[in-house]
Number of protein chains: 2
Amino acid sequence: MATGRNHRPATRSRGIPEATVARLPLYLRALTALSERSVPTVSSEELAAAAGVNSAKLRKDFSYLGSYGTRGVGYDVEYLVYQISRELGLTQDWPVVIVGIGNLGAALANYGGFASRGFRVAALIDADPAMAGKPVAGIPVQHTDELEKIIKDNGVSIGVIATPAGAAQQVSERLIAAGVTSILNFAPTVLSVPEGVDVRKVDLSIELQILAFHEQRKAGEEAAASGADVTPPPLRGGPAANRKGPDGDVPAVMPA
Amino acid sequence: MATGRNHRPATRSRGIPEATVARLPLYLRALTALSERSVPTVSSEELAAAAGVNSAKLRKDFSYLGSYGTRGVGYDVEYLVYQISRELGLTQDWPVVIVGIGNLGAALANYGGFASRGFRVAALIDADPAMAGKPVAGIPVQHTDELEKIIKDNGVSIGVIATPAGAAQQVSERLIAAGVTSILNFAPTVLSVPEGVDVRKVDLSIELQILAFHEQRKAGEEAAASGADVTPPPLRGGPAANRKGPDGDVPAVMPA
DNA sequence: TCATCTTTGTGCACGCGTTCACAAAGGCAT
DNA sequence: ATGCCTTTGTGAACGCGTGCACAAAGATGA
Ligand SMILES: NC(=O)c1ccc[n+]([C@@H]2O[C@H](COP(=O)([O-])OP(=O)(O)OC[C@H]3O[C@@H](n4cnc5c(N)ncnc54)[C@H](O)[C@@H]3O)[C@@H](O)[C@H]2O)c1
Ligand SMILES: NC(=O)c1ccc[n+]([C@@H]2O[C@H](COP(=O)([O-])OP(=O)(O)OC[C@H]3O[C@@H](n4cnc5c(N)ncnc54)[C@H](O)[C@@H]3O)[C@@H](O)[C@H]2O)c1
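A few points on the structure. (Residues numbered from 1 in each chain as written. Chains lettered and ligands numbered in written order. Predicted model: local features only at pLDDT ≥ 70, side-chain atom pairs only at ≥ 80, totals over all residues. Heavy atoms only, no water.)

Residues and elements named next belong to chain B. Along the chain, the position of Leu31 falls in helix α1 (residues 18-36). A residue is classified by how much of its surface remains accessible, and Leu31, at 0% relative accessible area, is buried. As for Leu31 and Pro17, which are separated by 14 residues in sequence, their C-alpha atoms are 21 Å apart. Apart from residues no more than four positions distant in its own chain, Leu31 is found in contact with Val42, Leu47, Val77, Leu80, Val81 and Ile84. (Helix = DSSP H or I, 4+ residues; strand = E, 2+ residues; numbered from the N terminus. Buried < 20%, exposed > 50% of the residue type's maximum accessible area, 1.4 Å probe, protein only. Contact = heavy atoms within 4.5 Å.)

Set out below in structure tokens:
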């Protein structure tokens, strides 16, 4: 579940809110772009616009990292890039393994965005013996038998799962037993992991379904305005009341 | 153009909290699995476990949909599947276009999870003339010149962007101008869209960076125990210690 | 019919995250 | 130096989401 409740009593000073942590990569990306254009400083307003967030939120986020800005001027781009990188742990190189080299796994392996940010594909692992040795994105695929050895030899602590859903739980258990403590899961399954292991999931179906919900709502409101009724009849406690909010919005954070 | 800098009183769809909407697909998946095993009813406790959430949260979520449970018994699986599907708008078929048929786009096109849930790949679109006509996942790729026509002819309202980051904003503008009102963006860019358009993004780099942050913190706490400072731990380290973590499960995708 | 037992539905309290609004800080020109 | 102007950093208010705890609902069996 989400960032828990009564966790640890100490280390409040280092306690950067989870929501802030999730935005740091966004700021970092915007700052990197500015850095490449040799822009020396940015105001919270400009940077917030580039990152697509509220400027007050950005300032508060940065306040958790310390006071790196200069009033009346803004933030020093290079310095901030460094500070955020350090905070995110990107000043070191993180070896990552990808398990399940099918359509998606291969695409991930080919993705250049890994190396560009301190991540290095240490190994590609698949259960299919026919794939063993075959190079994907220049890296030879290794068999799952080697999984534990690979993890340990390379000191891998982050694993990416791109296997079919049915295999994901088992794969996660092997990864964790071998030393992995962070998993990015692309398989549409709820992984059950011990405490201390972080799991983040990327689920295409869920995203589409959320979009579909909003699409339907938009269509419903539209139809409601013209008197038509598109949605099926509610069976119970029918809330004939349709909200026709002025919203046009969007966001929604998804919890676990 | 219009960067939405207007704040809305938050999206109150139809009274269903956004956080709940984001969990409905999760429940639906668990329920579908039960349905396939011909399980007639489930308690909130069981279903919550299967979906990886708190049972009280699940009950509260369902309460927004109406009272579909029976006290002392639980929920009727089939009925609930229907209700949630209807709520999410999955009783109708949503045509979807994928723009940018590279590594990732091709993987998405090959993904079976689309059709299984009311989504249909209406077209694959790419700017590379060399790809035009080539079939990917059984569907011929069409050139971007056709984009507007494709969207309109098929009544597409949901678009998936898998182009390089540099092209994403422009592609989104064309999609929106042609009638798309929901976008799932895989490109690492902040899309600026007019009000009324929903954007959800999936960003691998961000997910990995968030995981890296937690990894670093875990390593830091470990080191702290041995007298080190709480700041930048030089090297990632050692043995994956299984201590208390922040959480066991986290979200992955974020709103636009 | 009535008692018992299970499980729902929800009132309530709490904490996190967001946003507003503004005082203080600092640069810069005079 | 002094005053002006810009922008930060944050106190405070507010709303959303979460989870506890329990009364009410309803099934089941005697
Ligand atoms: N392709 C997509 O766009 C997409 C989108 C969203 C989610 N997903 C999910 O990602 C996963 C992979 O999708 P895909 O399209 O690449 O599937 P795929 O069938 O093309 O690839 C799966 C790969 O995993 C390997 N594998 C199977 N069991 C394994 C095991 N126990 N250990 C190691 N490797 C194993 C298979 O040999 C195969 O190479 C699936 O769970 C899918 O639902 C895919
Ligand atoms: N591959 C991954 O695993 C992965 C992971 C995360 C994010 N991404 C992002 O997804 C996007 C696609 O990644 P990829 O690896 O598939 O890249 P790719 O280069 O393999 O594919 C990009 C495709 O988009 C097409 N394209 C370019 N401009 C276009 C335009 N204006 N209109 C239509 N099509 C256009 C290209 O012809 C190409 O076929 C990138 O933004 C990447 O950063 C990819």
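This next bit is on the pattern of salt bridges. Using the criterion set out here, one finds 16 salt bridges over all chains in the structure. As a salt-bridge pair, A:Arg23 and A:Asp61 come within 2.7 Å of each other at their nearest N and O atoms. Within this pair, whereas A:Arg23 is found in helix α1 (residues 18-36), its partner A:Asp61 is found in helix α3 (residues 55-65), the two being separated by 38 residues in sequence. Of the charged contacts in the structure, one is a salt bridge between A:Arg200 and B:Glu207, with a shortest N-O distance of 2.4 Å. Taken together, the residues span two chains, with A:Arg200 in strand β10 (residues 198-201) and B:Glu207 in helix α8 (residues 204-224). The pair A:Arg200 / B:Glu207 is uniform in exposure class, with both members buried. (Salt bridge = Lys/Arg side-chain N within 4 Å of Asp/Glu carboxyl O.)

Residue and element names in this part refer to chain B. Taken together, the three strands give an open sheet; going across it, the order is β1-β3-β2, and neighbouring strands pair in antiparallel fashion. Every other strand in the sheet has two partners, leaving β1 (41-42) and β2 (69-70) as the edge strands with one partner each. Here β1 runs beside strand β3 (residues 74-76); their pairing, made up of two bridges, is antiparallel. In the strand pairing of β3, Val42 is matched with Tyr75. (Pairing = 2+ DSSP bridges.)

Residues and elements named next belong to chain B. Direction vectors running N to C along helix α2 (residues 44-51) and helix α3 (residues 55-65) enclose 105°, while the axes themselves pass 8 Å from each other. One finds that α2 runs roughly perpendicular with respect to α3. Along the contact surface, α2 presents Ser44, Glu45, Leu47 and Ala48, while α3 presents Ser55, Leu58, Arg59 and Phe62. Grouping the constituent residues of the contact of α2 with α3 by class yields four nonpolar, two polar and two charged. (Axes fitted to C-alpha atoms, helices over the stretch in contact; angles between N-to-C directions. Parallel < 35°, antiparallel > 145°, perpendicular 65-115°, else oblique. Nonpolar A, V, L, I, M, F, W, Y, C, P; charged D, E, K, R; others polar.)

The environment of DNA strand D is made up of 28 residues, and the closest members are A:Ser44, A:Arg59, A:Tyr75, B:Lys57 and B:Lys60. Looking at DNA strand D alone, sugar and phosphate atoms form 65% of those within 4 Å of the protein. In the model, a base oxygen of DNA strand D is placed 2.8 Å from a nitrogen or oxygen of the A:Arg71 side chain. The separation between a phosphate oxygen of DNA strand D and a polar side-chain atom of B:Lys57 is 3.1 Å. Among the secondary structure elements, those contributing two or more residues to the surface near DNA strand D are α3, β2 (69-70) and β3 (74-76) of chain A together with α1 and α3 of chain B. (Near = heavy atom within 4 Å. Polar contact = N/O pair within 3.5 Å; in protein donor to acceptor, adjacent residues only side chain to side chain.)

Here we take up the sheet that holds strand β1 (residues 41-42) of chain A. By definition, the strands of a sheet pair up through backbone hydrogen bonds, in either a parallel or an antiparallel sense. The three strands lie next to each other as β1-β3-β2 (chain A), forming an open sheet whose pairing is antiparallel. The sheet is open, and its two edges are formed by β1 and β2 of chain A, each paired on a single side.

Turning our attention to the protein's contact with DNA strand C. Taken together, 27 residues form the shell around DNA strand C, and within it A:Arg23, B:Ser44, B:Arg59, B:Arg71 and B:Tyr75 come nearest. Here the atoms of DNA strand C within 4 Å of the protein split so that 63% fall in sugar or phosphate, with bases taking the remainder. Between DNA strand C and A:Lys60 there is a distance of 3.2 Å, counted from a base oxygen to a side-chain nitrogen or oxygen. Taken together, the elements giving at least two residues each to the surface near DNA strand C come down to α1 and α3 of chain A together with α3, β2 and β3 of chain B. Its residues placed into classes, the surface near DNA strand C shows seven nonpolar, 11 polar and nine charged.

As a further point, take the site of ligand 2. The local shell around ligand 2 holds 23 residues, among which B:Asn103, B:Leu104, B:Asp126, B:Ala162 and B:Thr163 are the closest. Residues within reach of ligand 2 are spread across chains A and B. In the environment of ligand 2, an oxygen atom lies 3.5 Å from a nitrogen or oxygen atom belonging to the side chain of A:Tyr111. A distance of 2.8 Å is found between an oxygen atom of ligand 2 and a backbone nitrogen or oxygen belonging to B:Leu104.

Glancing now at the nonpolar core. Membership of the largest hydrophobic core comes to 105 residues, with the highest contact counts inside it found for A:Ile84 and B:Ile84. A:Ile84 has contacts with A:Leu24, A:Tyr27, A:Leu28, A:Leu31, A:Phe62 and A:Leu65, leaving out every residue within four places of it along the chain. Grouped together as the second largest cluster of nonpolar side chains are 22 residues, A:Ala168, A:Ile176, A:Ile183 and A:Ala187 included. (Core = buried A, V, L, I, M, F, W, Y, C linked by side-chain atoms within 4.5 Å.)

A few words on α3(B). All names here are of chain B. Turning to α3, its buried residues number three or more, namely Ser55, Leu58, Asp61, Phe62 and Leu65. All buried residues of α3 fall inside an arc of 120° around its axis, so they share one side. Buried residues in α3 make contact with α1, α2, β3 and α4 (77-88). Two residues or fewer after α3 comes Gly66, characterised by a positive phi angle close to 130°. (Arc of directions from axis to C-beta.)

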